[in-house]
Amino acid sequence: MGLPTVLVDEVARIDARLRPIANRPVDTTDPDWVTRIRERPRPLDEAGVRAEAEAALRELLARYEHGDDEDRTAVRALLERCSSFRWATNLPYEHTVEGFRQELLHLSARDQGHDTRDELLTLHDLCAEARAAGVDIRPLLLEVAELSSTEDKYGMGSVQALLRAAG
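In short, a report on the structure.

About the thresholds
Residues numbered from 1 in each chain as written. Predicted model: local features only at pLDDT ≥ 70, side-chain atom pairs only at ≥ 80, totals over all residues. Heavy atoms only, no water. Patch = residues over 30% accessible without salt bridge, like charges linked within 9 Å, V, L, I, M, F, W, Y side chains within 5 Å. Areas by Shrake-Rupley, 256 points an atom, 1.4 Å probe, with all protein chains shown as cover. Salt bridge = Lys/Arg side-chain N within 4 Å of Asp/Glu carboxyl O. Helix = DSSP H or I, 4+ residues; strand = E, 2+ residues; numbered from the N terminus. Buried < 20%, exposed > 50% of the residue type's maximum accessible area, 1.4 Å probe, protein only. Arc of directions from axis to C-beta. Contact = heavy atoms within 4.5 Å. 1 Å grid on protein atoms, 1.4 Å probe; cavity = no way out; pocket = protein on both sides within 12 Å on 5 of 7 lines; lining within 4 Å. Points joined across faces, edges and corners; volume = space filled by probe spheres on them. Nonpolar A, V, L, I, M, F, W, Y, C, P; charged D, E, K, R; others polar. Core = buried A, V, L, I, M, F, W, Y, C linked by side-chain atoms within 4.5 Å. Axes fitted to C-alpha atoms, helices over the stretch in contact; angles between N-to-C directions. Left-handed = near helix turned anticlockwise from the far one by under 90°. Expected span 1.5 Å × (residues − 1).

On the surface, a nonpolar cluster with roughly 280 Å² of combined accessible area is contributed by Val26, Trp33, Val34 and Ile37. Relative to the helices and strands, Ile37 is located in helix α2 (residues 33-39). A relative accessible area of 34% places Ile37 in the partly exposed class.

Let's shift gears to helix α10 (residues 159-166). Turning to α10, its buried residues number three or more, namely Val159, Gln160, Leu162 and Leu163. Angularly, the buried residues of α10 cover 165° about the axis, an arc narrow enough to put them on a single face. On the buried face of α10, the contacting elements are α7 (97-110), α8 (116-132) and α9 (137-145).

This paragraph deals with unusual backbone geometry. In this structure, Asp111 takes a positive phi of about 50° despite not being glycine. Relative to the elements of secondary structure, Asp111 occurs in the loop between α7 and α8.

Below, the discussion takes up the layout of surface pockets. When its volume is computed, the largest pocket comes out at roughly 440 Å³. Taken together, 21 residues make up the lining of the largest pocket; nearest its centre are Arg86, Trp87, Arg110, Asp118 and Glu119. In the lining of the largest pocket, the residues fall into 5 nonpolar, 10 polar and 6 charged. The computed volume of the second largest pocket comes to approximately 360 Å³. Grouping the constituent residues of the lining of the second largest pocket by class yields 8 nonpolar, 1 polar and 5 charged.

As a further point, take the nonpolar core. One finds Val11, Leu60, Phe85, Phe100, Leu104, Leu141 and Leu163 to be the most contacted residues of the largest nonpolar core, which totals 40 residues. Breaking this core down by element, the ones donating at least two residues are α1 (5-22), α4 (50-66), α5 (69-81), α6 (83-88), α7, α8, α9 and α10. Broken down by element, the residue count for this core peaks at 6 residues, all from α4.

A separate point is the pattern of salt bridges. Applying the stated rule across the entire model yields 17 salt bridges. Here Arg36 makes a salt bridge to Asp30, at a shortest N to O gap of 2.6 Å. For Arg101, the salt bridge is made with Glu98, and the minimal N-O distance between the two is 2.6 Å. Taken as a pair, Arg101 and Glu98 lie in helix α7 at a separation of 3 residues, close to a single helical turn. Assessed through its relative accessible area of 15%, Arg101 is described here as buried. Sharing partners across several salt bridges, the network here consists of Glu80, Arg86, Asp111 and Lys153.

In this section: the packing of α4 against α5. Remark: α4 packs on α5, axes separated minimally by 8 Å, with the N-to-C direction vectors making an angle of 145°. Considering how the two elements wind past one another, α4 and α5 form a crossing that is left-handed. Packed against α4, whose contacting residues are Leu60, Arg63, Tyr64 and Glu65, the element α5 presents Asp71, Arg72, Val75, Arg76, Leu78 and Leu79 at the interface. Of the residues contributing to the contact of α4 with α5, the split by class is 5 nonpolar, no polar and 5 charged.

Given a rise of 1.5 Å per residue, 17 residues ought to cover 24 Å, and the 24 Å separating the end C-alpha atoms of α4 matches this to within 8%. Taken together, the buried positions of α4 are Ala53, Glu54, Ala56, Leu57, Leu60, Leu61 and Tyr64. On an axial view of α4, the arc spanned by its buried residues comes to 160°, and they lie on one face. Of the exposed residues in α4, the ones pointing more than 90 degrees away from its buried face are Ala51 and His66.

The quantities given are spatial measurements derived from coordinates; they are silent on function.
Laid out in structure tokens, this is it:
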């Protein structure tokens with residue numbers, strides 16, 4: 001089935017608004033560079049696209065979870081093309097079963113992003129937070145693993161394999 005053109009166009013429009021922020025140079029020779037970054041507005045707020053970006057991501061994740069393999073492949077490809085959207089757009093994380101599932105779906109849809117190591121650290125933190133909140137993570141990891149890519153993009157395993165191993 002694929003994704004509706006209106007959704008693809010919306011994500012591309014938001015990505016274009018976020019790209020200058022995502023690609024802005026960081027002067028790491030400035031001793032206050034970390035503080036300066038922390039004091040900046042969040043990228044979605046700086047670009048003035050928070051509501052639209054979060055709504056688009058919610059729709060993408062719903063299609064990813066409830067769609068077919070073609071839908072999931074289309075979501076992964078869109079997030080690959082729209083890397084600034086992928087980098088900046090997250091949903092508020094609730095420390096609940098549903099919140100953990102949503103985070104896993106988002107991680108799966110990002111399909112390793114630019115660096116599997118970053119996604120592994122994110123997965124480790126998500127699992128630790130969910131366990132601390134009393135969430136039984138294993139069934140959710142296996143559930144989302146079934147929806148995930150089997151492609152080993154960077155030589156560290158597929159998202160499916162990473163999720164299966166995390167529990």
